[in-house]
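Per-entry structural report
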Amino acid sequence: MSVNVTVRKFDAVIVGAGGAGLRAAIQLSEAGLKTAVLTKVFPTRSHTVAAQGGVAASLGNSEEDHWHWHMYDTVKGSDWLGDQDAIEFMCRKANECVIELEHYGMPFDRTDNGRIYQRPFGGHMSNFGEKPVRRSCAAADRTGHAMLHAMYQRNIKVNTQFFIEWMALDLIRDAEGEVLGVIAMEMETGEIHAFHSKATILATGGSGRIYYSSTNAFINTGDGVGMAARAGIPLEDMEFWQFHPTGVAGAGVLITEGVRGEGGILRNAQGERFMERYAPNAKDLASRDVVSRAMVTEINEGRGCGPNKDYVLLDITHLPPETIMKRLPGIHEIAVQFAGVDALKDPIPVVPTCHYQMGGIPTNFKGQVVVPGRRTMNEEVPGLYAAGECACASVHGANRLGTNSLLDLLVFGKSAGETAVDELKKSPKPHKELPAGAFDKTLARLDRLNTQKNGTSVHETRLTMQRTMQKHAGVFRFNDLMKEGVQKILEVQKDVQQTEIKDKSKVFNTARIEALELDNLIEVAVATMVSAEARKESRGAHVRDDAPDTPEHPNGRDDTNWLKHSLWFKEGNRLEYKSVTLRPLTVDTIALKTRAY
Amino acid sequence: MTTRTLQFKIYRYDPDQDQKPYMQDIEIEVDATDRKLLDVMVKLKAKDDSIAFRRSCREGVCGSDALNINGRNGLACLTDINSFPEGKPIMLRPLPGLPVIRDLIVDMTQFFKQYHSIKPYLINNDPPPERERLQSPEDREELNGLYECILCACCSTSCPSFWWNPDKFVGPAGLLAAYRFIADTRDQATNERLDNLEDPYRLFRCHTIMNCVDVCPKGLNPTKAIGKIKDMMVKRAI
């Protein structure tokens, strides 16, 4: 097959137009750089739109708060796997980034004195873990929607150039390891173009569709993560996946933690507020991994609700109807639509549901992608940046706190944009020449897909992958199941290499897009399964049966051997490890401690 | 698990292969786990991978999967499959009034052009304060029913005025957005925004047919917002 590849030149190309991509784009457009933003969907359809409860910032609008307390909570939430330099950076930048959004026009809810409204959220405490604090800045329960639209609108104002419904396929990387842009497909025509750039920012979001039951959108297929893996970039801490405690049972649709922030309570079949037993202090507002495990334990021990005893109930019937309709109108709508429940009168059936990828493409706090090199374990990949859920800075470590994801994409979207601008202005130089055969591998992949005969079904293969991940790398993890899971997922990988599509049209071929997405998903699934099997301790969201809670290793955590980041390499399907950055930028290290809420 | 069969008639057109559009008859087994039309469409696609449609969040906030379902615009992910009359095939067509790219996917360029034409961003030329601009809860409340728009285009593509003049009439979605900024106490460009709409077509092609209100999957009321803009025009003229 001969395919013409049109080459376009830009100073910078951003892949993805969710929160992180749009925030980075504002930086580059305002600096006057020629920037292309590629996105599979119209920007306001990106999954940031579905975030509900809020964005963390220690504004202190309702009570005293401090970025240092926020930092402490984030380190503790991460089960000490987060890098403390990046965490300090994020928590210090939070106020500035949230205020900027307000200036862009984001319609935050307001306090009586006209300031941004803040609500409590899981794991956010005052005075180094003392008591819950109102830190989550919210626009009703539609914070992500309000934020994404405000940032898209700001981009219209600063004239950002979008390539809408373009799917990036691969990074272009030369022999020296420098990234020179991406190869992408225009979905409407099926044409292949190269975006030749001096800076490439990956902001493609999460990959939650590797699991069968997920709060994630269909588009969350780990495209940037897959592209990075194929380009020889390792993936960091992929064993850590957040299961959100409250997905609607059966449907998987998210119910914000803000519901519990506003006073909602989880109950088992006996009507008991069971979180009091698991987290006597924070109760329903303990960290997400803690609440999810408590829920699964209740269900496993026979205290689940419903005919199959397979869910618990989220109860807000005791809240004033005005509060629900004012602060949680979207949740009321979702409960009616997806659970068939009027939440004013009846509790909502919920189960822990795959929600967020803590790991991803390794970066430093400036948004630069870093990999092991000759001198250190964190050498910058020239020309490549990543931000948001696809990246791992790492601020979430082994477990992310609610509202820190919107903060992550703001702070690191901006930071990646700023760093790219600085680098481009510091050393202005012409575009480096594209290496010979730069498009070969991508074109071969497309050609294989177009000519595959007697292949596997995309739909069935994806389903097998999702069921495998659900069973073998879920909320609780078992040594035997993980070992088996590694074998199974490698089998699925073989099927992915032989997918066949019936539809061969050039025009908006969604079958082809789904097959290409599966190429990305499988990289994430393999990385997850292999990294999980290898980590022989329990930490944050990764809890395994053979690393139980003992006096020697409280909660099963083993800092002597496992206080380190996993790095999974596609080439050779192998793992390396690098140390966690325990030293913050200006303050003292938040010392290792047993995590309890 | 009990299953039943649903019959569909789906608008199909692939300019790469087809001379002209046609309606495809296709049926599919559904069970109790299939609640929404989008769930069933995903099943249909597993059966025939060439059926093209947009979808993303599957919970009614991203606005991707707007379609014409049995003659009425709506989101596939919020349409209950039990709402369909029994024994009749379910008709799925692309949103009316916009060019079809393929099957159920329409070209939304014109729709977004109109959205962009109202300058959908906050205009405030004062130097930004160090902290947030203050806004009372009552003033913030004015934005409810406006800011929640998901740009799905159900409203504009059900509006006869938009069908006739998609290049000149801003349409309900764009006008709702225009009023969202006019109503925002932080925005300083009310006059400029009203000037921008003072035209026989841009605003005044709205004849309060109210199809927009009828179909909005988020329960918003563009007609009311348009009425408020018209009131402001009148007040300004006096």
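Heads up: the structure comes first, above all this text.
In this text the structure is predicted, and so the values were computed from the model without any measurement.

**Remarks on the overall build of chain A**
Across its full length, chain A carries 16 helices and 22 strands. Against the 2.2 N^0.38 benchmark of 25 Å for 597 residues, chain A shows a C-alpha radius of gyration of 23 Å, consistent with a compact globule. Here chain A holds 597 residues, and 68% of them are scored as buried. Looking at chain A alone, contacts between residues at least 24 apart form 75% of all its contacts between residues at least 6 apart. Total accessible area computed for chain A in this model is approximately 19,600 Å², and 49% of it derives from carbon and sulfur atoms.

**Digging into the packing of helix 13 (residues 458-472) of chain A against helix 15 (residues 510-534) of chain A**
Helix-helix packing: each pair is described by the crossing angle between the helix axes and the interaxial distance. Residues and elements named next belong to chain A. Running from N to C, helix 13 and helix 15 point in directions that differ by 20°, and their axes come no closer than 11 Å. Considered as vectors, helix 13 and helix 15 are oriented roughly parallel to each other. Crossing hand, helix 13 versus helix 15: left-handed. Contact with helix 13, carried on its side by V458, T461, R462, M465, M469 and H472, involves E514, A515, L518, L521, I522, A525, T528 and M529 of helix 15 and no other residues of that element.

**Focus on the nonpolar core**
Grouped together as the largest cluster of nonpolar side chains are 175 residues, with contacts concentrated most on I348 and F412 of chain A together with F8 and L92 of chain B. Counting residues per element, this core draws most heavily on helix 3 (residues 84-104) of chain A, which supplies 11 residues. Among the nonpolar cores identified, the runner-up in size contains 82 residues, and F439, A515 and V530 of chain A together with I101 of chain B belong to it.

**Things to note about the sheet that holds strand 22 (residues 574-579) of chain A**
Residues and elements named next belong to chain A. The antiparallel open sheet is built from three strands, whose spatial order is 10-21-22. The sheet terminates laterally at strand 10 (235-236) and strand 22, the two strands that pair on one side only. The pairing of strand 10 with strand 21 (residues 564-569) spans two bridges and is antiparallel. In the strand pairing of strand 21, E236 is matched with L567. The strands that helix 15 touches are strand 10, strand 21 and strand 22; relative to strand 21, the one it contacts most, it runs at about 135°.

**Observations concerning the environment of F508 of chain A**
Relative to the helices and strands, F508 of chain A resides in the loop between strand 20 (499-500) and helix 15. Separated by 321 residues in sequence, F508 of chain A and M187 of chain A have C-alpha atoms that sit 5.1 Å apart. Those residues in contact with F508 of chain A that lie beyond four places of it in its chain are E165, M187 and E188 of chain A together with A52, R54, I101, R102 and I105 of chain B.

**With respect to the side chain of D14 of chain B**
Tracing the sequence through the fold places D14 of chain B in the loop between strand 1 (3-12) and strand 2 (22-31). It is R102 of chain B that comes nearest to the buried, bridge-free D14 of chain B among opposite-charge side chains, at 4.0 Å. A polar contact is formed between the side chain of D14 of chain B and the backbone nitrogen of D16 of chain B, at a distance of 2.9 Å. D14 of chain B has contacts with S505 and V507 of chain A together with R102 and D103 of chain B, leaving out every residue within four places of it along the chain.

**Considering the environment of A515 of chain A**
All names here are of chain A. Here A515 is to be found in helix 15. Each C-alpha atom, one on A515 and one on F274, is 43 Å from the other, the two residues being 241 residues apart in sequence. Excluding residues that lie within four positions of it along the chain, A515 makes contacts with L449, V458, T499 and I501.

**Overview of a negative patch on the surface**
Taken together, the side chains of D112 of chain A together with E138, E141 and E142 of chain B present a region of like negative charge at the surface. By the secondary structure assignment, E138 of chain B is in helix 3 (residues 137-141). On the basis of relative accessible area, E138 of chain B is assigned to the exposed category, the value being 56%.

**Some words on the sheet that holds strand 4 (residues 72-75) of chain B**
All names here are of chain B. One open sheet accounts for five strands, arranged 2-1-5-3-4; its pairing is mixed. Looking at strand neighbours, the two that pair on one side only are strand 2 and strand 4, the edges of this open sheet. Each adjacent strand pair in this sheet contributes to an overall mean axis angle of 35°, direction not counted. Bridge count for strand 1 against strand 5 (residues 90-93) is three bridges, and the pairing is parallel. Each bridged residue has a counterpart across the sheet, and for K9 the counterpart in strand 5 is M91. Sitting on the sheet, helix 1 (residues 37-47) touches strand 1, strand 2, strand 3 (66-69) and strand 5, and the angle it makes with strand 2 is about 110°.

Cut-offs and rules
Residues numbered from 1 in each chain as written. Chains lettered and ligands numbered in written order. Predicted model: local features only at pLDDT ≥ 70, side-chain atom pairs only at ≥ 80, totals over all residues. Heavy atoms only, no water. Helix = DSSP H or I, 4+ residues; strand = E, 2+ residues; numbered from the N terminus. Rg over C-alpha atoms; globule rule 2.2 N^0.38 Å. Buried < 20%, exposed > 50% of the residue type's maximum accessible area, 1.4 Å probe, protein only. Contact = heavy atoms within 4.5 Å. Areas by Shrake-Rupley, 256 points an atom, 1.4 Å probe, with all protein chains shown as cover. Axes fitted to C-alpha atoms, helices over the stretch in contact; angles between N-to-C directions. Parallel < 35°, antiparallel > 145°, perpendicular 65-115°, else oblique. Left-handed = near helix turned anticlockwise from the far one by under 90°. Core = buried A, V, L, I, M, F, W, Y, C linked by side-chain atoms within 4.5 Å. Pairing = 2+ DSSP bridges. Lys, Arg positive; Asp, Glu negative; His and termini not counted. Salt bridge = Lys/Arg side-chain N within 4 Å of Asp/Glu carboxyl O. Polar contact = N/O pair within 3.5 Å; in protein donor to acceptor, adjacent residues only side chain to side chain. Patch = residues over 30% accessible without salt bridge, like charges linked within 9 Å, V, L, I, M, F, W, Y side chains within 5 Å. Charge placed at Lys NZ, Arg CZ, Asp CG, Glu CD.

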